[in-house]
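Residues per chain are reported as follows:
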Amino acid sequence: MKNQLLLSLIGLLFVCLPDCLMAQQVRKEVLFNDSWKFYKGDVTSGETPGFDDKNWREVELPHDWSIEGPFSPEWASSTGYLPGGIGWYRKTFELTSDVRSKNLFLYFDGVYKNSEVWINGHYLGKRPNGYTSFYYELTQHLNKKGKNILAVKVDHTKFADSRWYPGSGIYRNVYLMAVEPVHIKVWGVAFTTPEVSQSNASAQVVVSLNNKSKKAADIEVRAELRDKQGKTIADNRQKIQAKAGQEAEARLAFQVKNPKLWSVDDPNLYELHVASYVNGKKTDNYVEKVGFRNFRFDANKGFFLNDENIKLKGVCFHHDAGALGAAVPEEVWVRRLKALKELGCNAIRMSHYPHQDYIYKLCDEMGFLVQDEAFDEWELGKNKWIEGWNVGKPGNDGYHEHFAEWAERDLRDMILRNRNHASIIMWSIGNEIDYPNDPYSHEVLNTGRNPQIYGKGYQPNNPPASRLGEIAKRLVAVAKEYDITRPITAALAGVVMSNFTTYPDELDVVGYNYQEYRYPEDHEKHPNRIIYGSENGKGLDAWLAVDTLDYISAQFLWTAFDFMGEARSWPVRSSGAGLLDLAGFPKPDYFFRQSLWSDKPMVYIATAKVQEQVEGQRYQPLTPAWNWAAGDKIKVSCYTNADEAELFLNGKSLGRKPYTQAKARVLEWEVDYQSGELLVKGYQNGKEVTQHVLKTTGSPYALKATVDKQSLKADKKGVAHIVIDIVDSEGNAVYNAENEIAVTVEGPAKLLGLESGSLVSHEDYKANKRKALRGKLLAYLQAEQKKGEVKVTFQSPGLQPQTIVLPVQ
């Protein structure tokens with residue numbers, strides 16, 4: 001694996017940064033999210049320009065119609081008991097004079113699913129995959145002067161087609177791009193570095209261009225790299241020729257002395273500027289952030305970033321965010337990723353498909369190592385549970401129906417779209433494709449140990465496991481056609497079976513899902529195999545397998561956040577597997593993991609009645625509260641990374657314990673309950689460095705709202721997160737309160753949704769009221785494109801209301 005300099009493509013189409021918004025800018029690109037019309041259901045001739053859509057609902061993108069509900073057991077547990085169906089979108093627009101002579105492209109970051117697109121009645125194409133980004137050229141079908149009608153049909157009729165909640169509709173950003181006839185192709189810049197060190201980096205830029213004009217063009221391609229201060233630190237240029245209607249390619253190289261390397265702790269980024277010129281006139285410009293780093297995996301020593309051996313403290317997550325469904329604004333993920341940074345997490349697995357464009361940009365900027373994943377199934381379908389996980393008879397609809405025709409193109413487009421992100425270190429071609437008997441099988445399943453299996457033993461009527469290696473070989477070849485700078489991986493669920501196939505040998509690095517017990521045996525049997533944990537449980541033993549074995553470089557916990565779908569039986573409609581809940585509020589397990597992963601001093605306590613606990617188990621119902629009955633004997637569990645912790649009850653010390661006394665990394669005290677204040681202090685080298693307190697609370701008295709920003713920008717993008725706590729008369733949060741809270745918004749902003757974190761609530765996610773859970777509720781507030789002042793009022797019967805005021809600037 002060669003060292004490499006990677007860039008961040010800012011998601012999708014060469015998104016220009018502020019520096020390129022200058023007088024010489026020739027590429028014009030805009031979000032195309034406003035003023036769409038939507039109809040849920042099928043219509044005849046919805047693509048024709050003359051179709052009457054005046055009664056359709058106006059929506060702004062991104063838009064997910066499934067989250068609008070209602071929840072119902074008539075739908076599938078796998079997809080969150082929410083409906084699918086068919087939806088139509090239409091948009092009317094006119095071209096401004098400055099783009100009428102340009103070539104126009106329409107870019108979709110993702111549409112779930114089976115999207116079909118028309119412009120002015122002309123059919124542009126279909127894309128079955130709901131997670132893949134795609135684009136069409138509109139130029140030849142546009143009315144240069146007058147109205148243009150864009151129509152999109154989305155078909156999610158097969159609602160039980162996924163093992164998680166996928167959403168429905170144009171649920172990611174749409175962009176309109178206008179370029180000159182001679183231009184840089186979409187995903188047309190590749191940036192690599194054959195060598196990277198602290199003292200020097202050799203960089204290569206490959207630029208693919210299109211000449212859509214009617215005559216040959218002599219093109220000069222210029223590339224330069226700028227540091228954070230805007231100073232050019234390296235540049236080069238090359239002249240090439242492109243025939244009329246043909247493509248051409250330029251290859252440029254330069255050296256960078258003493259580059260500031262990108263790392264998880266210090267994610268330094270530069271700006272790459274690329275431009276094309278014909279007869280001295282600029283015809284296109286492209287800007288993206290880039291990062292210098294080298295990395296490698298070693299079968300015996302694990303993972304190295306910039307020649308430093310580190311462990312990947314990773315998590316998996318899906319793309320949804322509770323109340324927002326799959327249409328999640330960027331700032332929501334900023335908040336979520338900040339919580340993961342606080343956790344000590346340094347790696348993310350994009351489970352199990354390409355995610356929103358901006359998430360990769362954020363990972364570049366915030367310092368996360370990323371495994372990007374293409375597929376959850378290949379040629380044959382997996383079980384999709386309808387009545388509850390492992391309950392009843394599963395369905396079989398899904399992406400496999402399109403795999404033969406679309407897999408290679410979908411894999412290619414994922415890599416082209418994301419190949420320049422500094423954060424990405426692996427391409428995964430599949431998740432648990434080898435799940436035993438779902439559907440592939442092998443004789444070895446009659447023997448041995450396998451924690452993940454559907455049914456019992458070898459199923460001779462199922463397809464043979466040998467197919468895994470055959471398909472993997474083809475997918476790996478496709479991936480390496482477009483990027484040879486990163487290893488190809490997959491997440492294996494049935495290693496016991498796959499070891500009897502060529503599947504693992506086709507991969508550069510091999511992910512094991514929940515197979516920690518196999519690490520020593522397989523490392524000995526396959527000494528050249530690079531093994532890591534690609535999906536893991538939260539138990540301490542799973543982490544110790546990484547922490548104590550040099551040759552195991554990583555684990556990726558399932559999961560970072562609770563997510564919609566993959567539910568148990570009704571009324572449960574979401575998965576509670578996360579370290580944080582659907583609202584992004586941390587659970588006790590979050591703090592246990594923080595004590596293992598973070599270097600920042602921390603201490604945390606949670607409580608439970610002694611008689612409710614099961615000996616030897618850490619996963620018990622812990623409560624971060626101090627409200628019990630007189631006479632109760634309480635076990636206090638303490639998570640910390642400090643040398644010592646001391647517990648106080650109403651100011652009296654109950655003992656100071658060194659971390660060396662922790663059982664399974666948890667310090668514990670048994671305490672006779674007294675109301676008041678329970679305080680724990682953490683000490684490092686004898687000095688207090690951190691503390692956490694729990695207080696006995698009274699009855700709910702008032703609402704307390706806390707917002708994460710002082711103002712909103714009038715751009716329809718920014719989101720304010722407002723946490724509403726139910727507090728007692730002393731202002732302390734009442735943990736067990738579940739009062740219903742209503743929200744009123746006045747001014748230039750709208751309520752996007754309310755989220756409590758409940759896995760069983762069937763309340764309308766589009767309503768302006770919701771019951772709290774564990775004393776909390778989260779409100780998402782988004783500004784309109786209008787300046788002013790927004791007043792948000794929170795009310796609940798019997799409680800003191802709360803109002804906050806935010807300027808919109």
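In what follows, the accompanying structure is described. Each chain carries its own residue numbering, running from 1 in the written order of its sequence. Reporting of local features is limited, given that this is a predicted model, to residues whose pLDDT is at least 70; pairs of side-chain atoms are given and counted only at 80 or more, and all residues count toward the totals for whole chains, interfaces and linings. Hydrogens and water are ignored here; the side-chain numbers use all heavy atoms of the structure.

### Examining the environment of L209
Strands are runs of DSSP state E lasting at least two residues, helices are runs of H or I lasting at least four, and both sets are numbered from the N terminus onward. Within the element layout of this structure, L209 appears in strand 13 (residues 200-211). Exposed residues in this analysis have more than 50% of their type's maximum accessible area, buried residues have under 20%, and partly exposed residues fall in between, with area computed by a 1.4 Å probe over protein chains only. With a relative accessible area of 1%, L209 lands in the buried category. Between the C-alpha atoms of L209 and A242, which are 33 residues apart in sequence, the distance is 8.3 Å. The contact definition used throughout considers only heavy atoms, calling two residues in contact when any of these lie within 4.5 Å. Residues in contact with L209, not counting those within four places in the same chain, are H183, I184, K185, I219, V221, I240, Q246, E247, A248, A250 and S276.

### Regarding the packing of aromatic side chains
Centres within 6.5 Å make a pair out of two Phe, Tyr or Trp rings, where for Trp the six-membered ring is used; the pair is then stacked when the planes are under 30 degrees apart, edge-to-face when over 60, and tilted otherwise. For the structure on display, the rule yields 41 aromatic pairs. Note on Y39 and W56: the rings are 5.7 Å apart at their centroids and 25° apart in plane angle, and the pair reads as stacked. Of this pair, Y39 sits in strand 3 (residues 36-40) while W56 sits in the loop between strand 3 and strand 4 (57-59), placing them 17 residues apart in sequence. Ring geometry for Y81 against W570: centres 5.1 Å apart, planes inclined by 85°, an arrangement best described as edge-to-face. One end of the pair, Y81, is in the loop between strand 4 and strand 5 (85-94); the other, W570, is in the loop between strand 30 (563-564) and strand 31 (574-575), and 489 residues separate them in sequence. Given a relative accessible area of 32%, W570 falls into the partly exposed group. In this scheme, Lys NZ or Arg CZ marks a charge over a ring once it lies within 6 Å of the ring centre and within 35 degrees of the ring normal. Positioned over the ring face of F561 is R336, at 4.3 Å from the centre of the ring. Note that R593 overlies the ring of W597, its terminal NZ or CZ placed 5.2 Å from the centroid.

### Observations regarding the pattern of salt bridges
Within this document, salt bridges are pairs made up of a side-chain nitrogen of Lys or Arg and a carboxyl oxygen of Asp or Glu, the two lying within 4 Å of each other. Within the structure shown, the criterion is met by 53 salt bridges. Residue R467 is joined to E379 by a salt bridge in which the shortest nitrogen-to-oxygen separation is 2.7 Å. Within this pair, whereas R467 is found in helix 4 (residues 466-482), its partner E379 is found in the loop between strand 24 (369-373) and helix 3 (400-418), the two being separated by 88 residues in sequence. Judged by relative accessible area, which is 25%, E379 ranks as partly exposed. Connected through salt bridges with shared partners, the residues D34, E60, K716 and K750 form a single ionic network.

### Observations concerning helix 3
Each residue after the first adds 1.5 Å to the expected span of a helix. Over its 19 residues, helix 3 runs only 23 Å from end to end, short of the ideal 27 Å by more than 12%, given 1.5 Å per residue. The sharpest bend along helix 3 reaches about 80° and sits at W406. Note that bend, as reported per residue, equals the angle between axes fitted to the 7 residues terminating at that residue and the 7 residues originating from it.

### Brief notes about a negative patch on the surface
Residues enter patches when their relative accessible area tops 30% and they take part in no salt bridge; the joining distance is 9 Å for like charges and 5 Å for the nonpolar side chains Val, Leu, Ile, Met, Phe, Trp and Tyr. Note that accessible areas follow from Shrake-Rupley with a 1.4 Å probe, and for residues the cover is restricted to the protein chains shown. Lys and Arg are tallied as positive, Asp and Glu as negative. Neither His nor the chain termini are counted. Working definition for charges: the position is that of NZ of Lys, CZ of Arg, CG of Asp or CD of Glu. Taken together, D265, D266, E308 and D599 make up a surface patch of like negative charges. Relative to the elements of secondary structure, D265 occurs in the loop between strand 16 (247-257) and strand 17 (270-278). Its relative accessible area of 74% is what places D265 among the exposed residues.

### Quick look at the sheet that holds strand 23 (residues 347-350)
Strand order in the open sheet formed by eight strands is 28-27-26-25-24-23-22-29, with parallel pairing between adjacent strands. At either margin of the open sheet sits one strand with a lone partner, and together these are strand 28 (531-535) and strand 29 (554-557). Going from strand to strand, the sheet's axes swing by 30° on average, the running direction of each strand aside. Relative to strand 24, strand 23 is paired through four bridges, and the arrangement is parallel. When the sheet's bridge partners are listed, I348 is paired in strand 24 with V370. Here helix 2 (residues 357-366) sits on the sheet in contact with strand 22 (312-317), strand 23, strand 24 and strand 25 (424-431), set at roughly 165° to strand 23. Any two strands are treated as partners once DSSP identifies two or more bridges connecting them. Every axis in this analysis is a line fitted to C-alpha atoms, fitted for helices over the stretch in contact. Angles between the N-to-C directions lie between 0 and 180 degrees.

### Re unusual backbone geometry
With an omega of -5°, the peptide bond running from L61 to P62 counts as cis. Along the chain, P62 turns up in the loop between strand 4 and strand 5. Following W570, the chain continues to P571 via a peptide bond in cis, the omega torsion being 20°. As for its placement among the helices and strands, P571 is situated in the loop between strand 30 and strand 31. Of note in the backbone geometry, R665 takes a positive phi value of approximately 65° without being a glycine. Relative to the helices and strands, R665 resides in the loop between strand 35 (652-658) and strand 36 (667-672). Among the residues examined, R665 registers a relative accessible area of 26% and is labelled partly exposed.

### Some remarks on the packing of helix 3 against helix 4
Interaxial distance between helix 3 and helix 4 falls to 9 Å at its minimum, and their mutual angle equals 35°. The way helix 3 lies across helix 4 gives a crossing that is right-handed. Contacts from F403, E408, L411, R412, I415 and L416 in helix 3 reach I471, R474, L475, V478, A479 and Y482 in helix 4. Counted by class, the contact of helix 3 with helix 4 contains nine nonpolar, no polar and three charged residues. Each crossing is labelled by how the near helix is turned from the far one, with a counterclockwise turn of less than a right angle marking it left-handed and a clockwise turn marking it right-handed. Polarity classes work like this: nonpolar for Ala, Val, Leu, Ile, Met, Phe, Trp, Tyr, Cys and Pro, charged for Asp, Glu, Lys and Arg, and polar for all others, with Gly in that last group.

### What about the environment of K635?
On the secondary structure map, K635 appears in strand 33 (residues 633-640). Overall, K635 belongs to the buried group, its relative accessible area being 14%. Spatially, the C-alpha atoms of K635 and Y673 are 9.6 Å apart, while their sequence positions differ by 38 residues.

### A look at the sheet that holds strand 21 (residues 308-310)
Neighbouring strands of a sheet are bound in pairs by backbone hydrogen bonds; such pairs are parallel or else antiparallel. Taken in spatial order, the three strands make up an open sheet running 19-20-21, and their pairing is antiparallel. Because the sheet does not close on itself, it has two edges, and the strands there are strand 19 (295-298) and strand 21. The mean angle between the axes of side-by-side strands here comes to 30°, regardless of whether they run parallel or antiparallel. Across three bridges, strand 20 (residues 302-305) lies against strand 21 in antiparallel orientation. Within strand 21, the residue paired with F304 across the bridge is N309.

### With respect to the side chain of R27
Along the polypeptide, R27 turns up in the loop between strand 1 (4-8) and strand 2 (28-31). A polar contact is formed between the side chain of R27 and the backbone oxygen of I184, at a distance of 3.2 Å. A 3.5 Å cut-off defines polar contacts: any pair of N or O atoms within that distance qualifies, except that in protein one atom must be a possible hydrogen donor and the other a possible acceptor, and neighbouring residues in sequence count only when both atoms are side-chain atoms. There is a polar contact of 2.5 Å between the side chain of R27 and the side chain of D284.

### Considering helix 8 (residues 540-547)
All buried positions along helix 8 are accounted for by L540, A542, W543, A545 and V546. Buried-residue contacts for helix 8 involve strand 22, helix 7 (519-525), strand 29 and helix 9 (588-597).

### So, the state of the cysteines
Criterion for a disulfide: a pair of cysteine sulfur atoms within 2.5 Å. All chains considered together, the criterion is met by zero disulfides. Here C316 is not disulfide-linked; the sulfur of C345 is the nearest cysteine sulfur, at 9.9 Å. Given the relative accessible area of 0%, C316 is considered buried. No disulfide involves C363; its sulfur sits 8.8 Å from that of C345, the nearest cysteine.

### Section: the pairing of strand 32 (residues 603-609)
With seven of seven residues buried, strand 32 lies mostly within the body of the structure. Residues V603, I605, T607 and K609 of strand 32 are buried on one face, and the alternating residues Y604, A606 and A608, pointing to the opposite face, are buried as well. Here seven bridges tie strand 32 to strand 33, and the two strands are oriented antiparallel to one another. Opposite Y604, over in strand 33, you have Y639 as the bridge partner.

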